[in-house]
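Report on the structure
Each chain, letter by letter, is given below.
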Amino acid sequence: MFLTDDEKRMRDGAEGDAVAAAMDLLIRYGAALDAPRLCDIRNVAGTMTQPSPVKARLVAEGGWDKAFAVINLDSDADLTIPPMRVPTCQLQHGFGPDSVDIVPYPRANVDLQSDAESFYGRHGVNILATCTPYQVGNLPLRGEHCAWMESSAVIYANSVLGARTNCEGIASTGAASLTGRIPCWGNHRDENRFGTHLISVSGLTVESFQDWGMLGYFAGSVSGEDRPVITGSLSRPDLTELKHFGAAAATSGGVELYHIPGITPEAASVEAAFGPGASVPDAVVYGPAERAAVYETLNEIGSSTDVDFILLGCPHASLEQIRQAASLLDGKRLASGTELWIMAPRALKVMADRSGYTAVIERAGGQVLTDSCPAMSRTAPAGTRVFATDSAKQAHYLPAILGIEAWFGTTEECIAAAVTGRWNGELR
Ligand code: F3S
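For the structure given in this document, a descriptive report is provided here. Predicted model, so just to flag it, every value in this text is computed and none were measured. (Residues numbered from 1 in each chain as written. Predicted model: local features only at pLDDT ≥ 70, side-chain atom pairs only at ≥ 80, totals over all residues. Heavy atoms only, no water.)

One recurring pattern in soluble globular proteins is that nonpolar side chains are buried together. In terms of nonpolar packing, the biggest core is built from 41 residues, with Trp148, Leu215, Ile230, Tyr286 and Leu298 touching the most fellow members. Going through the elements one at a time, α5 (151–159), β7 (197–206), α7 (209–223), α8 (239–252), α10 (288–298) and α15 (392–402) are the ones with two or more residues in this core. Of all the elements, α7 adds the most residues to this core, at six residues. In this view, Tyr286 contacts Ile199, Ser200, Val201, Ser202, Leu204, Val206, Met214, Leu215, Phe218, Arg291 and Val294; residues no more than four positions away in its chain are not counted. (Core = buried A, V, L, I, M, F, W, Y, C linked by side-chain atoms within 4.5 Å. Buried < 20%, exposed > 50% of the residue type's maximum accessible area, 1.4 Å probe, protein only. Helix = DSSP H or I, 4+ residues; strand = E, 2+ residues; numbered from the N terminus. Contact = heavy atoms within 4.5 Å.)

What follows is the structure, given as structure tokens:
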């Protein structure tokens, strides 16, 4: 792999042992992928602060320098971690101190994470604490090379923002944060950004939040790890709907990049989405039968209609989603024995607090929670047997993670279930 003089200096230790270890990791990673060179980056979204038993043991042995060396740099050496070389943010992690009396999450994890935040904050990591960094100010430009983790964020960055990132891991983002480099392969390269599958919506119009999620789930199942191009009868989506669509496509498949001609930035037309001179493949149709099949799949784990727990905000809710929940709950009260959690970025919760939305939700008995989610922290209200959600991603993952039943429906159906304690959703 070609290295610039600056990269050779870092590799050879001119900026210290930790940077040399980071460069060594990137060189090994790039060689394994046959990457011809490294990309310059200045935007890393990774995870350093998420608590775990291994991290607790490493911190006890050698402090946070040791934990970062082993987990984020794949190195057993005694390293002193310098400040991050490029802007770096922490994605979602565990629950914080303000959730202690609400979420059954170990206090030791909360304390470990608070300690981590203070260490990494001093090293220049912006603690955004959300899976949607693009909602709270981390917006890379079109064409900008990044190193991001979190599948729902990666697909948003590539497809909606036109930035360039692969779905990185804890160690590669750690190394990228100290060097400002990442192997230049996959989604960083022009030739890997064209469409591979054509999906045409026909016989219905995709226009609701729920429909964008179901279409995303279908697109992921059709495309696997490739790049769908979506056409046909679509209303113009907003940020929230694209957030939902992408998270679902990255759940049923491993999609990291899609195009919607005329809407996403790298596809002015269907032909442009597939690249110059490429033939456009036959379309896979998404119609009423396919929509019904997706709905059936997402609801196949539900059997009891007695609902204990409602979860909204996966990926983390937009301010508009919090406002909508407040409006649906205004003047109502949750059913006894039913809990409602709305997951949101901490920065947006501050705005929801100021706008009065949080107070309305709390008066009804619900909670706006930040930093994490049940799937990430493997927790739900004590005794939960059946949950309902408007998120295809949570409906897909949470039953397997927590061994509970799931219902998937509209936000309105979820709020109605929170108020009545009964699931009464149906495909309309
Ligand atoms: Fe975010 Fe958790 Fe969903 S991290 S994307 S809310 S599974």
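Relative to strand β8 (residues 228–234), β7 runs parallel, the two being bridged by six bridges. For Val201, the partnering residue across the bridge sits in β8 and is Gly232. (Pairing = 2+ DSSP bridges.)

What follows deals with the site of the ligand. Taken together, Gln92, Cys131, Glu150, Ser152, Gly313, Cys314, Pro315, His316, Cys373, Lys393 and Gln394 make up the full set of residues adjacent to the ligand. When the residues that make up the shell around the ligand are grouped by side-chain class, the tally is four nonpolar, five polar and two charged. Looking at the shell around the ligand, you find at least three residues from each of domain 1 (5–190) and domain 3 (301–420). (Near = heavy atom within 4 Å. Nonpolar A, V, L, I, M, F, W, Y, C, P; charged D, E, K, R; others polar. Domains from an automatic or database assignment.)

The sheet built from four strands is open, its strands ordered β4-β3-β2-β5 with parallel pairing. If you trace the sheet from one side to the other, it starts and ends with β4 (125–127) and β5 (147–148), each paired once. Sheet topology note: the strand β2 (residues 44–46)/strand β3 (residues 88–90) ladder contains three bridges and is parallel. When the bridges of β3 are listed, Gly46 appears paired with Gln90. This element, helix α6 (residues 170–179), spans β2, β3 and β5 of the sheet and lies at about 145° to β2. (Axes fitted to C-alpha atoms, helices over the stretch in contact; angles between N-to-C directions.)

Looking now at empty space enclosed by the protein. Scanning the model with the defined rule gives one cavity of 30 Å³ or more in all. Empty space within the largest cavity amounts to approximately 50 Å³. Forming the walls of the largest cavity are Leu312, Gly313, Ala317, Gln321, Ile322, Gln324, Ala325, Ile342, Asp390 and Thr411. The dominant element in the lining of the largest cavity, judged by the number of residues it contributes, is helix α11 (residues 319–329), at four residues. (1 Å grid on protein atoms, 1.4 Å probe; cavity = no way out; pocket = protein on both sides within 12 Å on 5 of 7 lines; lining within 4 Å. Points joined across faces, edges and corners; volume = space filled by probe spheres on them.)

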